[in-house]
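Commentary on secondary and tertiary structure
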Amino acid sequence: MSRTCAVSGKKALSGNRRSHSLRATRRKWNVNLQKVKVMVDGKPQRIRISARALKTLKAQSNG
């Protein structure tokens, strides 16, 4: 299972880790994925969703 948000499609970003001497090695910034039960087509389904997308969905449902 890939580290991708089921709602927004966000994926891990890559870049360089920089030491004090500015030596570059590759690193990854993973998405903050949470396993959440969400109603999809009237059925509860467990999906992996990013924390930012979850916050947005909660704000829309409460508003």
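Residues numbered from 1 in each chain as written. Predicted model: local features only at pLDDT ≥ 70, side-chain atom pairs only at ≥ 80, totals over all residues. Heavy atoms only, no water.

**Comments concerning unusual backbone geometry**
Phi at L22 takes a positive value of approximately 65°, unusual for a residue other than glycine. With respect to the helices and strands, L22 occurs in the loop between β1 (13-18) and β2 (24-29). Even without being glycine, D41 reaches a positive phi, approximately 55°. Mapped onto the elements of the fold, D41 is located in the loop between β3 (33-40) and β4 (43-50). For D41, a relative accessible area of 76% corresponds to the exposed category. (Helix = DSSP H or I, 4+ residues; strand = E, 2+ residues; numbered from the N terminus. Buried < 20%, exposed > 50% of the residue type's maximum accessible area, 1.4 Å probe, protein only.)

**A look at the environment of K11**
Relative to the assigned elements, K11 resides in the segment before β1. K11 sits 39 residues away from S50 along the chain, and the two C-alpha atoms are 9.5 Å apart. Those residues in contact with K11 that lie beyond four places of it in its chain are R3, T4 and V31. (Contact = heavy atoms within 4.5 Å.)

**A look at the nonpolar core**
Membership of the largest hydrophobic core is limited to seven residues, which are C5, V31, L33, V36, I49, A53 and L54. For this core, the secondary structure elements donating two or more residues are β3 and α1 (51-62). Non-local contacts of A53, meaning those with residues more than four positions away in its chain, are made with C5, V7 and S8. (Core = buried A, V, L, I, M, F, W, Y, C linked by side-chain atoms within 4.5 Å.)

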